[in-house]
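Structural characterization, general
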Amino acid sequence: MVLNTWFPFYDMSKTLAEVDRLFNAVDRPVGLRSVPRGTFPAINVYDQGDSTVMVAEVPGVDPNELELTVLNDTVTLKGERQAGLPEQARVYRQERMHGSFSRTITLPDSVDPDSVQASYENGVLRVTMGKAEAAKAKRIAIQ
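Since the model is a prediction, treat every value here as computed from it, not as a measurement.

Counting residues in hydrophobic clusters, the biggest one holds 16 residues, and the most contacted among them are Val58, Leu66, Leu77, Phe101, Leu125 and Met129. Mapped onto this core, the elements with two or more residues apiece are strand 2 (51-57), strand 4 (74-81), strand 5 (99-106) and strand 7 (124-130). Broken down by element, this core gets its largest block of residues, three residues, from strand 7. Setting aside anything within four residues of it in sequence, one finds Val58 in contact with Phe40, Pro41, Leu66, Leu77, Phe101, Tyr120, Gly123 and Leu125.

Okay, the pattern of salt bridges next. Tallied over the full model, the rule gives two salt bridges. One connected set of salt bridges, linked through shared partners, spans Asp47, Asp109 and Lys131.

One open sheet accounts for three strands, arranged 3-4-5; its pairing is antiparallel. Edge positions in the open sheet fall to strand 3 (67-71) and strand 5, since each of these has one partner strand only. Going across the sheet, the axis of each strand differs from the next one's by a mean of 10°, ignoring polarity.

With that out of the way, let us pick up the confidence of the model for the protein. The share of residues in the protein with pLDDT of 70 or more is 76%, and the mean pLDDT across the chain is 81. Note on residues 27-33: pLDDT is under 50 here. Beyond four places in sequence and across chains, it has eight contacts.

This part takes up the sheet that holds strand 7. Pairing in this open sheet of four strands is antiparallel, and the strands run 1-2-7-6 from one edge to the other. Looking at strand neighbours, the two that pair on one side only are strand 1 (42-48) and strand 6 (117-121), the edges of this open sheet. Within this sheet the neighbouring strands show an average axis-to-axis angle of 15°, counted without direction. The sheet contact formed by strand 6 and strand 7 spans five bridges and is antiparallel. By the bridge assignment for strand 7, Ser119 is matched with Arg126.

With that settled, consider the side chain of Arg81. Assignment of secondary structure puts Arg81 in strand 4. Nearest to the buried, unbridged Arg81 among oppositely charged side chains is Glu57, at 8.6 Å. A distance of 3.2 Å separates the side chain of Arg81 from the backbone oxygen of Pro59, its partner in a polar contact. Among residues more than four places away in sequence, those in contact with Arg81 are Phe40, Pro59, Gly60, Val61, Arg96, Met97, His98, Gly99 and Phe101.

Another aspect to go through is unusual backbone geometry. A negative phi holds for most residues other than glycine; trans holds for most peptide bonds. We note that Asn72 has phi near 55°; this positive angle belongs to a residue other than glycine. By the element assignment, Asn72 lies in the loop between strand 3 and strand 4. Backbone geometry at Asn122 places phi at a positive 55°, although glycine is not the residue there. Structurally, Asn122 can be placed in the loop between strand 6 and strand 7.

Before going further, it helps to examine the packing of aromatic side chains. Using the criterion set out here, one finds one aromatic pair in the structure. Taking the centre distance of 5.1 Å and the plane angle of 85° together, the rings of Phe40 and Phe101 count as edge-to-face. Taken as a pair, Phe40 in the loop between helix 1 (10-26) and strand 1 and Phe101 in strand 5 lie far apart in primary sequence, 61 residues in all. Both residues of the pair, Phe40 and Phe101, belong to the buried class. Here Arg81 stacks its cationic end above the ring of Phe40, 4.1 Å away from the centre of that ring.

What counts, and at which threshold
- Residues numbered from 1 in each chain as written.
- Predicted model: local features only at pLDDT ≥ 70, side-chain atom pairs only at ≥ 80, totals over all residues.
- Heavy atoms only, no water.
- Core = buried A, V, L, I, M, F, W, Y, C linked by side-chain atoms within 4.5 Å.
- Buried < 20%, exposed > 50% of the residue type's maximum accessible area, 1.4 Å probe, protein only.
- Helix = DSSP H or I, 4+ residues; strand = E, 2+ residues; numbered from the N terminus.
- Contact = heavy atoms within 4.5 Å.
- Salt bridge = Lys/Arg side-chain N within 4 Å of Asp/Glu carboxyl O.
- Pairing = 2+ DSSP bridges.
- Axes fitted to C-alpha atoms, helices over the stretch in contact; angles between N-to-C directions.
- pLDDT = per-residue confidence, 0-100.
- Lys, Arg positive; Asp, Glu negative; His and termini not counted.
- Polar contact = N/O pair within 3.5 Å; in protein donor to acceptor, adjacent residues only side chain to side chain.
- Phe/Tyr/Trp six-rings, centres within 6.5 Å; stacked < 30°, edge-to-face > 60°.
- Lys NZ or Arg CZ within 6 Å of the ring centre and 35° of its normal.

In structure tokens:
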């Protein structure tokens, strides 16, 4: 005997399960400032008082082949990672991404382009960008 009873949360639980399935199928973090996994290069940006710091993982990329530009509150990193395989190689598995890449990041504050310093060590690019005077907090004397 089958009871025909209505369960008020049945449709909602099905919908939530479907949403969870969709996000898990995409295999990426959820959030407004997230990017799909596998995006190259991986970048972290953080505030350090009077400067903003960007750290990018670019292993296998010659630092002389990287192009870094800063304009107002935008920083762009371009380059190319070579496949690193001999020309006649018979490939059984290839998981390392290669080819051209370009990442543009919008910063929370404008940057003083004359203050930008970049260093590269062990496949990690570190860019320190001083904030523009207009972006720095100013103490106002109260009279």
